[in-house]
Amino acid sequence: MYNPSHFNNSDDRAALLALMRAYPLGALVTHGPQGLDANHLPFEVDEAAGVLRAHVARANPLWQQVPADGEMAALVIFRGEAGYISPNWYPSKHETHRQVPTWNYQVVHVHGQLTVMDQERFVRGLVARLTREHEKRSNQPKPWMMGDAPADYIDQMLAAIVGIEVTLERLEGKFKLSQNKEARDREGAIAGLADRQCLGLADAMRAFQPKD
């Protein structure tokens with residue numbers, strides 16, 4: 001990933017992990033016998049164990065492409081807030097007209113090794129934890145639990161998926177939030193986003209102001 005120094009946030013591991021947890025749907029990129037492949041999966045982030053965990057459909061050929069030694073190189077991409085930035089929001093544009101449109105965004109790239117975890121206990125525990133987490137996030141008045149469904153049905157559903165882990169070998173973070181602009185132009189962009197109810201990106205920019 002092209003990552004100029006003014007956007008490079010790779011050294012702030014805590015911020016990268018926080019983004020991954022806040023936006024857990026990652027794009028898992030691998031290179032198998034048929035070439036490049038991408039799968040979009042909600043991940044569990046386990047910093048203590050140094051892994052990401054997810055599951056794929058048993059019908060998905062991804063897990064069968066892992067070589068006999070048990071690992072394959074993988075890249076997982078997490079994207080946070082993102083949005084278009086109009087040059088009209090920069091005060092300096094109205095003075096010099098020397099500004100152009102851009103796109104602000106936050107991304108984390110995780111480089112690691114993918115391992116298949118085809119054990120019923122692993123998959124059951126992972127699904128239970130992911131369900132608990134996302135039922136809580138969705139503010140369900142009565143969170144759904146695996147025990148709400150018949151046991152034989154849950155067994156059937158679990159048998160149809162395969163667990164995976166990706167090691168957290170190297171994390172890259174790019175937070176492109178107008179750090180390369182002067183303060184008044186950054187504030188103008190934040191105000192422009194807020195006016196259009198793009199509050200997530202506006203808040204991210206506001207929280208990540210560089211020290212002048």
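Residues numbered from 1 in each chain as written. Predicted model: local features only at pLDDT ≥ 70, side-chain atom pairs only at ≥ 80, totals over all residues. Heavy atoms only, no water.

Broken down by element type, the chain carries 6 helices and 8 strands. Expressed along its principal axes, the backbone C-alpha trace of the chain runs to roughly 70 × 45 × 30 Å. Partitioning the intrachain contacts of the chain with sequence separation of at least 6 by distance along the chain shows that 75% fall at a separation of at least 24. Carbon and sulfur atoms make up 54% of the accessible area of the chain, which amounts to about 11,700 Å² in all. Side chains of the chain give 23 positive and 26 negative charges; the mean places of these two sets differ by 5 Å. (Helix = DSSP H or I, 4+ residues; strand = E, 2+ residues; numbered from the N terminus. Contact = heavy atoms within 4.5 Å. Areas by Shrake-Rupley, 256 points an atom, 1.4 Å probe, with all protein chains shown as cover. Lys, Arg positive; Asp, Glu negative; His and termini not counted. Charge placed at Lys NZ, Arg CZ, Asp CG, Glu CD.)

With that settled, the discussion passes to helix H6 (residues 199–207). All of the buried residues in H6 are Leu201, Ala202, Ala204 and Met205. Buried positions in H6, seen along its axis, are confined to an arc of 160 degrees and lie on one side of it. Packing partners of the buried residues in H6 comprise strand E5 (72–85), strand E6 (102–117) and helix H5 (183–195). (Buried < 20%, exposed > 50% of the residue type's maximum accessible area, 1.4 Å probe, protein only. Arc of directions from axis to C-beta.)

Now for the packing of helix H3 (residues 120–137) against helix H4 (residues 151–159). It is the contact of H3 with H4, at a shortest axis distance of 10 Å, that shows an interaxial angle of 105 degrees. Taken together, H3 and H4 sit at an angle that is classed as roughly perpendicular. Each of Glu120, Val123, Arg124 and Val127 in H3 lies in contact with H4, whose residues at this interface are Ile154, Asp155 and Leu158. (Axes fitted to C-alpha atoms, helices over the stretch in contact; angles between N-to-C directions. Parallel < 35°, antiparallel > 145°, perpendicular 65-115°, else oblique.)

Here we come to the packing of aromatic side chains. Applying the stated criterion across every chain, the model contains 3 aromatic pairs. Between Phe43 and Phe78, the ring centres sit 5.8 Å apart and the planes meet at 70 degrees, which makes this aromatic pair edge-to-face. Taken as a pair, Phe43 in the loop between strand E2 (35–42) and strand E3 (44–46) and Phe78 in strand E5 lie far apart in primary sequence, 35 residues in all. Here Phe43 falls in the buried class, since its relative accessible area comes to 3%. Exposure remark for Phe78: the relative accessible area of 0% places this residue in the buried category. It is Arg58 that lies over the ring of Trp63; its NZ or CZ is 5.5 Å from the centre. (Phe/Tyr/Trp six-rings, centres within 6.5 Å; stacked < 30°, edge-to-face > 60°. Lys NZ or Arg CZ within 6 Å of the ring centre and 35° of its normal.)

We now examine the packing of H5 against H6. The contact between H5 and H6 brings their axes to 8 Å, and the two run at 155 degrees. Of the possible angle classes, the one that applies to H5 and H6 is roughly antiparallel. The handedness of the crossing between H5 and H6 is left-handed. Across the interface between the two elements, Arg186, Ala189, Ile190, Leu193 and Ala194 of H5 pack against Leu199, Leu201, Ala202, Met205 and Arg206 of H6. Split into classes, the residues belonging to the contact of H5 with H6 amount to 8 nonpolar, no polar and 2 charged. (Left-handed = near helix turned anticlockwise from the far one by under 90°. Nonpolar A, V, L, I, M, F, W, Y, C, P; charged D, E, K, R; others polar.)

This part takes up the pattern of salt bridges. Under the defined criterion, the tally for this structure stands at 13 salt bridges. A salt bridge links Glu95 to Arg184; the nearest nitrogen and oxygen atoms lie 2.9 Å apart. Residue Glu95 is found in helix H2 (residues 93–96), and its partner Arg184 is found in helix H5; the two are separated by 89 residues along the sequence. By relative accessible area, which is 54% here, Glu95 ends up exposed. Between Arg206 and Asp203 there is a salt bridge; the shortest N-O distance is 2.8 Å. Of the two residues, Arg206 and Asp203 both sit in helix H6, 3 residues apart, roughly one turn of that helix. Among the charged side chains, a salt-bridge network with shared partners connects Glu44, Asp46, Arg53, Arg129 and Glu165. (Salt bridge = Lys/Arg side-chain N within 4 Å of Asp/Glu carboxyl O.)

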